[in-house]
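Spelled out, the chains give:
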Amino acid sequence: MTARAVYRHVPHTIRHAPEGGITYEAFGVTAGCDAESGPHDEQEAAQDWALRHTGRTGHDLFRRVVTDHAKVTRAE
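Please read these numbers as outputs of a predicted model, since none were measured by experiment.

Participant: Sorry, what's going on with the packing of aromatic side chains here?
Facilitator: Each pair of aromatic rings is reported with the distance of its centres and the angle of its planes. In this structure the tally under the stated criterion is one aromatic pair. Summarising the aromatic geometry, the rings of W49 and F62 are spaced 5.8 Å apart at their centres and angled 80° between planes, so their arrangement reads as edge-to-face. Here W49 is found in helix α1 (residues 43-57), whereas its partner F62 is found in strand β3 (residues 62-68), with 13 residues between them in sequence. Of the residues examined, W49 reaches a relative accessible area of 12% and is grouped as buried. The side chain of R63 reaches across the aromatic face of F27, ending 4.4 Å from its centre.

Cut-offs used in this document
- Residues numbered from 1 in each chain as written.
- Predicted model: local features only at pLDDT ≥ 70, side-chain atom pairs only at ≥ 80, totals over all residues.
- Heavy atoms only, no water.
- Phe/Tyr/Trp six-rings, centres within 6.5 Å; stacked < 30°, edge-to-face > 60°.
- Helix = DSSP H or I, 4+ residues; strand = E, 2+ residues; numbered from the N terminus.
- Buried < 20%, exposed > 50% of the residue type's maximum accessible area, 1.4 Å probe, protein only.
- Lys NZ or Arg CZ within 6 Å of the ring centre and 35° of its normal.

Here it is as structure tokens:
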């Protein structure tokens, strides 16, 4: 007797989950710079940090990261 398996493919969707919020961060990537803004709830706060950092150090290259939370739900 051989075992059989039946697979059912169910469509799902993935969307932003507002209850998870969004965070904004900036990371200095100028050679030798390891400064980072830390997570902020407002985009302007991370941008303001980068502007102040440039003013203090002259570093002018940053990596910006926006993080959100997503929720997967069954489409049925």
